[in-house]
Structures are given as structure tokens and as C-alpha cells.
There are 2 protein chains.
Amino acid sequence: MRRLWALASMKTLVSVLVGLAVPGVSVVRADEGMWLFNDLPRGVLKERHGFEPSDAWADALRLASVRFNNGGSASFISPTGLVLTNHHVGADTLGKLSTAERDLFQDGFLARSPADELRAPDLELNQLISIADVTAEVKAAVAEGMSPEDALDARRSRIAEIESREKDATGLRCDVVALYGGNLYHLYRYRRFTDVRLVWAPEEAIAFFGGDADNFEYPRYDLDACIFRVWENDQPATIETYLPVAREGLAEGDLVFVSGNPGRTQRLLSVDALREIRDHQLPRQLDLLRRREVLLQQFSLDGPEAARRGRNSLFGTQNGRKARLGALAALQSPGIFEAKVVDESRLIAALSQDAELRPLLAAWDAARANARAQSELQGSGVPLSSQLFSIAQRLVQLAAEDELPSGERLPEYADAGRESFLLSLYSQAPIYPDLETALLGDSLGQMLERRGADDPLCTRVLAGKSPADRAAELVSGSALASVDVRRALVEGGRAAVEASDDPLIRLARLVDPEARRVRKLGDELAERDRQAADLMMKGRFAVRGTSEYPDATFTLRLAFGTVTGYREQGREVAPFTTIDGAFVHEESHRTPEGPQQDFALPASWHDARERLDLATPMNFVCTADIIGGNSGSPVVNRNGELVGLIFDGNIQSLSASYVYSDEQSRAVSVDVRAILEALEKVYGAKELLAELP
Amino acid sequence: MRRLWALASMKTLVSVLVGLAVPGVSVVRADEGMWLFNDLPRGVLKERHGFEPSDAWADALRLASVRFNNGGSASFISPTGLVLTNHHVGADTLGKLSTAERDLFQDGFLARSPADELRAPDLELNQLISIADVTAEVKAAVAEGMSPEDALDARRSRIAEIESREKDATGLRCDVVALYGGNLYHLYRYRRFTDVRLVWAPEEAIAFFGGDADNFEYPRYDLDACIFRVWENDQPATIETYLPVAREGLAEGDLVFVSGNPGRTQRLLSVDALREIRDHQLPRQLDLLRRREVLLQQFSLDGPEAARRGRNSLFGTQNGRKARLGALAALQSPGIFEAKVVDESRLIAALSQDAELRPLLAAWDAARANARAQSELQGSGVPLSSQLFSIAQRLVQLAAEDELPSGERLPEYADAGRESFLLSLYSQAPIYPDLETALLGDSLGQMLERRGADDPLCTRVLAGKSPADRAAELVSGSALASVDVRRALVEGGRAAVEASDDPLIRLARLVDPEARRVRKLGDELAERDRQAADLMMKGRFAVRGTSEYPDATFTLRLAFGTVTGYREQGREVAPFTTIDGAFVHEESHRTPEGPQQDFALPASWHDARERLDLATPMNFVCTADIIGGNSGSPVVNRNGELVGLIFDGNIQSLSASYVYSDEQSRAVSVDVRAILEALEKVYGAKELLAELP
């Protein structure tokens, strides 16, 4: 019942709130939380689940976890470097490796031997080696009474210094991460893998069975999985710590753990900030997403090749639209918002009664002003979006920033991150001029709408042409599709960039002052907000102790939960689906002309139907606390063995940006048994299966 | 090349402007203009085309022309009441006559005898009988120095009085129409037909062949036609004046005439007003259209029946999005805008030099302020959209308005229009609760976004529920789907409405004060703008004479043009396509899985292929000046014989809201020969063909 999703979610979210306990130290939190690996919720795990993780257990899970640096999670599943993630996490790479002749989405892929594997053009995987607390060192950089601008510069400089020093000392990728909105700073040290090759991907028809209609729904029947391999020195890398597949099956009621990189939550935001997000920021983001969705749909109507080229962007846009719509629905639900208001009121009341803590209340005023300013800033700037323009802009800014010491640059241009930066800038991934022209033309139009078409910068950008004509001229006239051209501009530095007559380089130079002006406003605002969040967090810690987990930061976290179904509109939703259910689901979406679009199983599955054990569990749900970025996270049992692969949350879970609930919100996983069954009987991947211990 | 449409349009529109003559009396206007039937462009027609229309010629064409009151044009084509229009003009009725079991879009329809014809639930057709100038009488109602509010009331009251008096005297529908932005007022007297029955419609697959991708494109291969019949006293009506089908074929270079009801142009707007439209109003309208488009697409994913229910709304939304995007692209094209600026500057310069005319310049200041206010007003109000809510709102307002004398009511509740009003209110057309819930839920969310979710009216409207839950409750709890319930509320008057506990009636009452407040602001703004337009028009007439046609007002106009191709991206586009071309077009959009969606010809056409004369002209283009509302207009030759049926404009014509050009802009028509060929050989409609003289 796809079209009823909003109803369903709202009906249930409201009922969740009836009796929702306001979080606080004395309350057992259910299976809530995205916990730091260096601050695990040992108390709750023991109290609720009688489970006491050993350090060895936690270290092994951490080391077997993998971050896809372009936005997803994964795990090592063999000593030979095999990496399991979602098909939709691998999709960016699948798209870059596809051509008009080799459509990996339509046909899937299986490398029969390592020599057949396809090398990703720009993928970087990270393995978290260690974490250190550098709060004191970072905070010492900011002196009392500094202006936000100076504080920002000082902290940036200190962070760049720490990252460079640690990288030089360890050879690892080193990122300083702000937690609790800047109350704590931790240093994350990662092993980087940049030679990553595709081993296996099923057809998109089974990986994303049910399409946009089923996305964020349950029950599901998707094999949203694919397998890569990390290589080093042109050999499959040797991986010491990986997840063995659980030989004993998963069952309803089992305790499971999710180790992955949730991208972003906003559970600690003030109510005023949430109000700005609800009434201004999310609606505007949704307008932009729908604009892009319609644009990409129109682009795709030009034929199958256009559809192939636009597919990944369209999927990402639809996924983002659906997720944000769910988040907005949660905030517009009076019950959920009211719970946030009550929670904050209690905290503020407690702070007001303590003379020492009372000064912290000023942070809420600051947060309100910051949120308002953030809404206003959202509609400004130079929103030019195309891959080629982004390359041009990075080249222009790199040339300027490299003339400064590392600590004074914009953070993405600092020395410590240079390898990852260049991996992306020198990507050989194909760039399609027709898609580029459509996206750039639309964003030029958007710039005119934002600034008014008579704005002097707009006039100079358009150079007397219409947005569409100007975009066509810029894209067709630019040589930046060539990696050699990019490399020459990087190596030639500022002089080369200034001498370039590439029209996109010239455009990037033209808009750079305005782009930097708006960037600076945003950075200063973020800094003021960090200062406010730091104070608010001090208040929370003082009143409620330190057993809060920080908001998600796309770094490794541990979540836990129970495999269990839920009630929805009066019906029980069972936790597991089966392979048989996929065939039934296809049948129930048949029209007179054949299966409805996105509901046709691939021919390979129909061919294998007789061989398959149809009772094999396909997908399952659990109560673990996840969000976007967790896609591809391994799900493990008490023994740390792989039982599943996170790939979605149900509709009810879309409130997770702001609030956790275990009444109906569920994380959705592929059961590892379905992966094994399909590898063996659909794909005949015996070489691959032999590698799994 | 669907995705390139914006490029193509811009490239060509810009080139059009190079050398575009600024309109003025001394310039022969090319084939520009949407002319009043009581003020035909006799001079231009004679000068350019050597054609002098007789009064009899013009009267016959006018009387054979038909207005679809729900937004389209048509013509009588037989003495037995047959009415030819576009399939997409009839689509609203086709949708209302379709059910899950009888899908008129998929299967088409042919009545073998009058008894088999399907009666439209709420269609009103109008035949223009006569026009009278009532400018003096209307303007006399407004005294010098009246406030806009009083002027509006006085003029409304005078117009209601004239309409009632004329209706009583003639028995005809009588509408006073403001022309030239209120510089002239004409009375249009119409014969009304309200028993309208469907005779023939082809399958949507050929009527809208190429779908959204081909919409506003050329070459085209569409049979966008259908035939209704008007009945009176349960008999086919007798029609004295109708269009005979031209027996001699149409050829390249021929002069043709279009008689139809263009909906709205804004060619006489001030540059400041255009700027507001470009930078604020059109972008916001586009955001809302894209929002609705995505919503309806999501709704349609639920399955074939959902798709059927949402189809008409989705088509209308996509069509509106594409048209407005073209209009915005025109305004964002520096060349086109510059031409508008130059034209206005010359007019203003001329007025400045004349002491007597100089005071008129104040009107431009007023227009600027009005346009700004209009942009601001656009984002306010209570944008609740659902058929059921609209019924509730009309019931609530009718009860209140009917307590006032006719002349003091909001115009749509005045006595003269009561029959048309009730025809719509009592429509038996199906209302789908699932679609209603989706639309109302989204518009409740939209109201929260506009006003902020903490707005007191929002809080009362939601009654503690989320937008989606509240919408479900309102729709499922309302009895307004029953026409009897509506009738009882109309007949019970204010007491019945106030006593009603129908949740949508209660909602309409709750929001009525706010809806009226915003309506009033809008009406007053329109009044101030009318006053400004009146003065600006005085200036135009003084400087340039009276040979200007008024902006379109969805009333009958005559356009004329030449059947001729154009050059596009270096290629010649021929004026005619053929039936053979449709088969070629299908073939060129074939994917490995079969024809691309919207590019599959119906089985009936494949079956008839051998019988068809494939060389028969299918569609053609001409230079006539048309816009939305002209859909379904007859195209006639010098002899007043039917040669075609307007159904679209090409991409280049989307600038027509603001400027006419004949370099590439073309009106697109179905050739009447294709209609005859298909009726005979595809549909075997010999009874119908026998009725055509």
C-alpha cells in the first residue's frame, strides 16, 4: 500500500508517543542508541539482554567493519579481502563501471577469478584502527572571548595540525571528529583501501525489487547486496579480522548488533532549531529534491541510454525525497513534536533551578538565532551543480588554498586529506555531457530564481545567453572531462588556473568570491552553533549524567536490537520474509501487460526457482537504532558472526533523525542465508563461496 | 530529443529576438494576434493575405465555435449536434465516465447509435450568440476618487446587475468580460448546452502518442481528437451553423484561421510585473506543480487502478509544469526580456514627452507595487485542495452569500451564473477517497509549511493529528460524496450548513474567515491592478492607436496563420507529418523489452495498418497565434471549411504568454483527413461519418 505510507507512518508514530518515556538516566532506554565503540552501553546491554561484550569481541567487530567513504557501510567477510555491502551502496561504482554496452544494473556481474574483477575508479574504503580523545588539545586552541571567526580559524588550524601529525606518525588516514555538537573531539585513525574491485553484483531487479514504491516499506524481498574485494600492491589484500558467516540460523527474538556508520541524526537539537527545520529548511530541501527528480525523469524519457545515465542520480534523489518527507511528517506530527517540547522543558526547568547551571540557558537563545540564520542562508549562494563544475571549482580553490599553510586552508584542502581528495578529483569515472548540460542548465536557472535574474553576477554568469544555452556552451567547451587536463591544472598551480581559458574554470573563478562569501557565513554560523551545542550538552550532562550517545557523525557506531515484528493497522507484521515471498510479491503486482514496473524478478531467478529452497529467509527486521549511512552495515549475533546486512528502515523509522522508538520502527536487513542461497543456486558462484570461511 | 527541449527552445527564442520588430501601428504584425470577433484585423488580413472576411463568414465561424466551459475549445461539425474537440479536452469527462471496469482511456469508445452515447456528468458547452459593448455602463458605476475596495464592490454590483438583466431578457448565459485589463467591458451572450454525450474517443495511446516526452514537441503523430454530441430535451440538438469538412486538402503555404478561446496571455503587462513573475511567481508555481507531480506519481505506483484514478490530474500537472517551465525559460532568456524592456521604454519615453499623457506614468509605479504584493500574497492563505473540500467550501460560502442581494455577493455566487454553478456542484462524477486523502493530506502539510506548524489556525485544523491522519479522518468521515447530501445542504441554507457535523463542512467553516480575508486581499489587489492597466492601456492607445488586440480572456478570438515549417538546429522541420510517420516513430522508440512507455500504438492501429492510406497527413503546423485554452479549436480555410484541430504548440511557442514570434513558434494541429481516415479504417465508424455533411 505504497500511497498510504504517510498515513501509516503518522498513525503509528502518534500512537508511539502515547506513553513514550522522556529519555533520562533512570530510564532503561529500550534498544536505543548509536554508541561509540570507545564508550559502549555496557550497562543497558547487561540489564536488558544479559550480554557483556568483551574487549576482544568489540575490537574484532570494529576491525571487521568497513566504511565506504562515499557514504555507506560494509564488512570484511573473508581473509582474502572480500567486502560485503549493499547493492545500493555499490551502485555509485556500478554506474561508473557501466557503459552503453555493459549495463551492470540490468545484467549483474560475477567475476569467476580475481583477474576478472572490475576496478572501481574512485572508491576509498576505511577500516577504523583506533580512536583517541583529543578534546583537550582541540579546545585549548580557542581562547576565552575569541570571536566566532577567530575561534573557527584557531580550531581548524589545530585540527589540521593534529591530523597531519598523526598521519605522519602512523601512515593512517586521521580524522578529528566533533561529537555531541563539539563537546568532545575524538581522533579516528583509519587504514585506507583505494584499490577496490567489484566481485559480484546481482541484477538491480532483485537488489531493488519493488523499486521506489517499496523503498522504506516492509515486508520486503530484496537481495540488496554486492561484494567487492580490497587489493594492495596488485594482490588481493590480506585481512586478519573479518566476520565469519553464522552457521546457526537467526531466529525471532534473537539479540543482534549493527556495526556501521550512521550519517546524521539531530536528536540533540533545540526545539527552536527543529521548528526552523520543520517550517523552512525541510520544505525547501524537498522543493529542490522534487525539482531534481522531475528533471531527471524528463531526462530519462529520451530513451534507455539516457535512463541508464540518469539512474543513479534519480535513485538518490527519490530516496532523499522519501526520507525527508518522512522526517518532515514526523516533525509535523503534533505528538512527536510535543514530546520534544516536553523533554526540553524539563531540561530547561532543571537548569533554571541551579544557579551554577542557569547561565547555560543563554545557549538556547543563541541556537534559536542560529537556526533562523541557517534558514535564511539556505536560499543564497551559487547553487551550480554538475560534476564538471565541481571539478572546476575544486581546481580553482585548490590553487588558491595551496598558497596558504595547511592549517589556514579550508579543511578539505589540508595536507592530511590530500590523497583522498586527489583520488576523487582524478576519477576516471565517465561524465556524460548530456546529463551535465541538463543539470547545469537547471541550476543556472535556479541561481537566477534565487538571486533575481537581473542580479549582476547572474548577468555575468549567463553572458547574454539563456540558462540552457549557456549550460550547453559551458559543457561542450570544457576539457575537464579529461583527467590529464585536471592533473595539468593541479600541477600548474595558480598560474595555470589563472591562464586557463576553459569556460568552466573561468566560470568557477567568476563565482568563487561569492561562493566563498556564502561558505564563510555558513562556517561561522556552524561555529556559533557548535559553541551553543557545547553549552547545551554541558547542561544535559550535568542534569542527566553522561549516558547519552552523541548524534550520528558518519563514524563507526554500535547499535543493538531484537529480531521482532510489529503491529501495523491492526495486523501483525512478521519479522522474516522468505524467497518464496518474492515470487508471490511479483505475482501480486501483475497487470494485464505483465509484471508492474520494478516488480519483475530477473530471468535468472525464474530459471533457478526449482532449485531454490523457497523457505530460505530473505529479509528480516530488528529494533536496532539506525539511519542513512548504516546501509551495508553487518548485522551480527552474540558470537560476532554475520547474520545479515542492513539495507533499509521501514516507514515508521523515518522519524529516526529526531526520535527513536521501538514500537514500530524497524531496521530492515537482508538475511545472510538468502545471500548464500542465491550465490549458490542463482549465480553458481562456487569460487566465491569457497572463499568464505 | 525530449531532454534537449529547453536548449532547443532557448537557442531559437534568442535568435528570434535578433531583429524582432517592436510592435507598433506602422509595423505589419506578421500573423500575430488573438482578435476579437467584433474587431477583426481586416487591415492586416487584406495587406498580408489579400483576404477580406465577410460578415457572414465571420458570423458562421463564430456560431460554429464551441467553448468547453471547463477549459477548452471545439466546433460543431454536423447539423445533428456533433462537437469535435481534443481528446485531452474531453479527458476530464472521459475520466469521470471511466470506472475500474470500463477504462475509456485504455480502450477508447464508439457509440454505434445515439442511444449508446454516454452522458457527461457535469459538462457545459457554450456557443457565442452575440457581443455588446457595456464599457460605459460598467465604468459609470465607479465614481472618481473611490477607494479600490469601494470601486470593486460598485463594479461587481453593476456587472451582476447587467448579467442578470441580460439573462432574464434573453434566456442566454451572459458574462461581462474585462478586456485590455479593464479598459473595455464587453457582454458575451452564450447559448448553454448541458446535456453533452460522448460519441467517439480513440485510445489514449494514439491520442497522446509520445506522452509527456512528446508533449509540446514537433514533429508529432497524435490523433488528439474526440467527438461529443449536444442534446436538448433528450434529443440530439439541431444546430444550424456548423463547419463542413473541407473536401479539398490543405497544403503548405495555405492561409488558415483558428477560432477558439485562448485562456490567458500577459503581453500587455509592465516589465516590473514580468520581473516579479519571472523571479518569484513562476518559480513558486513550478515548485507546487512539481510537488503535485511527484505526489501523483507516488500515488499511481500503488497499481493500475490507482494509476487510472490519478491519470487526469497527473497529465494536467505535467502539462502545466512543462508549459510554465517554457514560459519561465522565455522570461529568463536575456534577449526576450530585453525586447520587452525596449518596447516599454519607448512607450514611456513617448508618454513622458506629452504633458497631457505624462500623468499616466504613475500607473507603472502602481503596477510595480501591485506585482510585488501579488508575489507576497501567493504564499499565504489556506491552500487546501481536494474535490470534497472544494464542495464543502462552496456549500459554506453559498449559504452565507445567498443571504445577500445578488450584486453584493462574490461573483461566482451571483444569480446569473447559478445554473452553471449548480451543474458543477451536483456533478455525479466519481470521487475517489484514496486520491482525495492523498491530495488533502499533502495540502494540509503545505498549509503547515506556509503558515508554520505552530500557527493557531493550523493547530485547530489538525486537531492534534498529523496532516496525513487528519486527511484520512476528514475524507472517510465526510458524506459529501453523495449528491443528495449536497442538495440537502443547498436547500437547507445557512441553518443546515451551520448544523452540519460533516467534518469537511466544519473544516470549511473553520477556515472560511481566513480564506475570505486572503480572497479579499487578492480581489483588491486585482482591482488596483485593473485601474493601473486601464491607465497604461490609455497610454498605449494614445501613442500607438487602437490596433492592439487585448490579452487573452478565455473568450472567443480569431487567429490566423500560414501552414509552414521552420528551421531548428540547422534542420528543416516540414509542416506535415503522415500516418506512416506514427509507425516509424513507434519503431524508433523500441527497447529490447518492446516499445518504450507512451510510444506503443494501440492494437487497433496495428490491425488496421494494411488498410490505412499511410500517406494521409496526420498533424501539421501553422503560424497562428494560440495558447492554452485554444486546445480543440477548429482550424478552417478561406472558405470556412474545417481542415484541422489545434492540439498543441511547439516548444518554441511557450514564450507566447509574453511575446509572439513566427520564426519558429508554431501551433500544432491534427489534420482532419487523419480523423476521417481513422474513423473509417481503424474504428469503422460509418454511422458517424454518415452524419458529416
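Look a little higher up for the structure.
So, a few notes on the structure that sits alongside this text. Note that the structure is a prediction, hence the values are computed from the model and not measured.

Things to note about unusual backbone geometry
Residue and element names in this part refer to chain A. Note that the residue after Tyr218, namely Pro219, is joined by a cis bond; omega there is 5°. Following the sequence through the fold, Pro219 ends up in the loop between helix 9 (211-214) and strand 11 (226-232). Even without being a glycine, Asp234 presents a positive backbone phi close to 60°. When the 6 C-beta atoms within 10 Å are taken as the criterion, Asp234 is described as exposed. The phi torsion at Asp598 lies on the positive side, around 75°, for a residue other than glycine. With respect to the helices, strands and loops of the structure, Asp598 is situated in the loop between strand 19 (594-595) and helix 22 (603-608). We classify Asp598 as partly exposed; it has 17 C-beta atoms within 10 Å.

As for the relation of the copies chain B and chain A
Superposing chain B onto chain A requires a rotation of 180° together with a translation of 0.0 Å along the rotation axis, leaving an RMSD of 0.0 Å. Such values leave the two copies arranged in the relation of a two-fold axis. By residue overlap, the copies meet face to face through one surface: 100% of the interface positions of chain B are interface positions in chain A.

What about the pairing of strand 13 (residues 255-260) of chain B?
Residues and elements named next belong to chain B. Among the six residues that make up strand 13, five are buried, leaving the element largely enclosed by the rest of the structure. In terms of strand pairing, strand 13 meets strand 14 (residues 557-562) through six bridges, oriented antiparallel. Note that in strand 14 the partner of Leu255 across the bridge is Thr562. As defined by bridge partners, strand 13 adjoins strand 21 (residues 634-636) across two bridges and the pair is classed as antiparallel. Paired with Val258 across the bridge in strand 21 is Val635.

Things to note about the interface of chain B and chain A
With 47 residues of chain B in contact, the opposing surface of chain A contributes 47 residues. Only helix 1 (5-17), helix 9 (211-214), helix 10 (271-300), helix 11 (304-332), helix 16 (433-451) and helix 18 (467-477) of chain B provide two or more residues apiece to the side of chain B that touches chain A. Counting residues per element, the side of chain B that touches chain A draws most heavily on helix 10 of chain B, which supplies ten residues. Grouping the amino acids of the side of chain B that touches chain A by side-chain chemistry returns 21 nonpolar, eleven polar and 15 charged.

Focus on the sheet that holds strand 1 (residues 35-36) of chain B
All names here are of chain B. Strand order across the open sheet formed by eight strands is 1-14-13-21-22-23-20-17, with antiparallel pairing between neighbours. At either end of the open sheet lies a strand with only one pairing partner, and these are strand 1 and strand 17 (576-578). Here two bridges tie strand 1 to strand 14, and the two strands are oriented antiparallel to one another. Opposite Leu36, over in strand 14, you have Arg557 as the bridge partner.

Rules used in this analysis
- Residues numbered from 1 in each chain as written.
- Chains lettered and ligands numbered in written order.
- Predicted model: local features only at pLDDT ≥ 70, side-chain atom pairs only at ≥ 80, totals over all residues.
- Helix = DSSP H or I, 4+ residues; strand = E, 2+ residues; numbered from the N terminus.
- Buried ≥ 20, exposed ≤ 12 C-beta atoms within 10 Å, placed from the backbone.
- Least-squares fit on C-alpha atoms with pLDDT ≥ 70 in both.
- Contact = placed C-beta atoms within 7 Å.
- Pairing = 2+ DSSP bridges.
- Nonpolar A, V, L, I, M, F, W, Y, C, P; charged D, E, K, R; others polar.

Honestly, that's just the spatial picture; any functional story needs more than this.
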